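For reference, the chains in residue letters:
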Amino acid sequence: MLICTMIAGESKAQSRNDTIPVRFVLSGTDTIPSITLQIYEVYAQLPRRLRKERERWTRLRNAVYVTYPYAVAASRILKDVNAHLQTLPNKKARKEYLQSKEKELRAAFGNKLENLSVYQGKVLMKLIHRETGENCYEIVKELKGGFNARVFQTVAFFFGGNLKSEFDPKDDHDIELIVQEIRLYNYYN
């Protein structure tokens, strides 16, 4: 048995670009094309319980990858805003600064944040608490007042969210693992 390579389809009417090199095996007077396929491992289908767990993990991982950059940006912006608010002399200057900053942030992030799913919003609120140490309700209350914070909390409640949700390292261990993975590969830092 002899293994060789030949050019398939070569004739006078075809050009060199129309040819494909093909390996073949000579067995006596027979020419048999030989193709080597990649090796694939085939596994049995996962049990239903493990499939559900994998789907839950994948959904959470995607949500964290989408929302983590916003949480990091929110932390950075909140630190800058709080530092700048300390330098302002009165309540009027503070209100004007907050309104201008809100317009700027709506222009930068408004459409992107509005397109998040409810689930991604819940994950984002936990990540913001993780990054800033304050839950979203406290942040809104501090910057926009208690009435606005209650209104936003009511709206969030009707959509299944809670602005007072906090990141708990024990309960949200999976989120922490994904954040550590992101930081390990420096995707957003």
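This text follows the structure it describes.
Residues numbered from 1 in each chain as written. Predicted model: local features only at pLDDT ≥ 70, side-chain atom pairs only at ≥ 80, totals over all residues. Heavy atoms only, no water.

Looking at a nonpolar patch on the surface
At step 1: A contiguous nonpolar patch, built from V118, F147, V151, F152, V155, F157, F158 and F159 and spanning about 880 Å² of accessible area, is present on the exposed surface.
At step 2: It is helix α5 (residues 146-158) that provides the largest number of residues to the nonpolar patch, a total of 6 residues.
At step 3: Residue placement: V151 occurs in helix α5.
At step 4: Among the residues examined, V151 registers a relative accessible area of 34% and is labelled partly exposed. (Patch = residues over 30% accessible without salt bridge, like charges linked within 9 Å, V, L, I, M, F, W, Y side chains within 5 Å. Areas by Shrake-Rupley, 256 points an atom, 1.4 Å probe, with all protein chains shown as cover. Salt bridge = Lys/Arg side-chain N within 4 Å of Asp/Glu carboxyl O. Helix = DSSP H or I, 4+ residues; strand = E, 2+ residues; numbered from the N terminus. Buried < 20%, exposed > 50% of the residue type's maximum accessible area, 1.4 Å probe, protein only.)

Brief notes about α5
At step 1: With 13 residues, α5 ought to run about 18 Å at 1.5 Å a step, and its terminal C-alpha atoms sit 19 Å apart, in line with that.
At step 2: Residues of α5 that are buried include every one of G146, A149, Q153 and A156, and no others. Axial view of α5: buried residues confined to an arc of 85°, hence all on one face. Residues of α5 that are exposed and angled more than 90 degrees away from the buried face: F147 and F158.
At step 3: Against α4 (136-144) lie the buried residues of α5. (Expected span 1.5 Å × (residues − 1). Arc of directions from axis to C-beta. Contact = heavy atoms within 4.5 Å.)

Here we look at the packing of α4 against α5
At step 1: Remark: α4 packs on α5, axes separated minimally by 7 Å, with the N-to-C direction vectors making an angle of 145°. The hand of the α4/α5 crossing is right-handed. When α4 is examined against α5, the residues Y137, V140, K141 and K144 are found in contact with a partner set consisting of G146, N148, A149, R150, F152 and Q153. (Axes fitted to C-alpha atoms, helices over the stretch in contact; angles between N-to-C directions. Left-handed = near helix turned anticlockwise from the far one by under 90°.)

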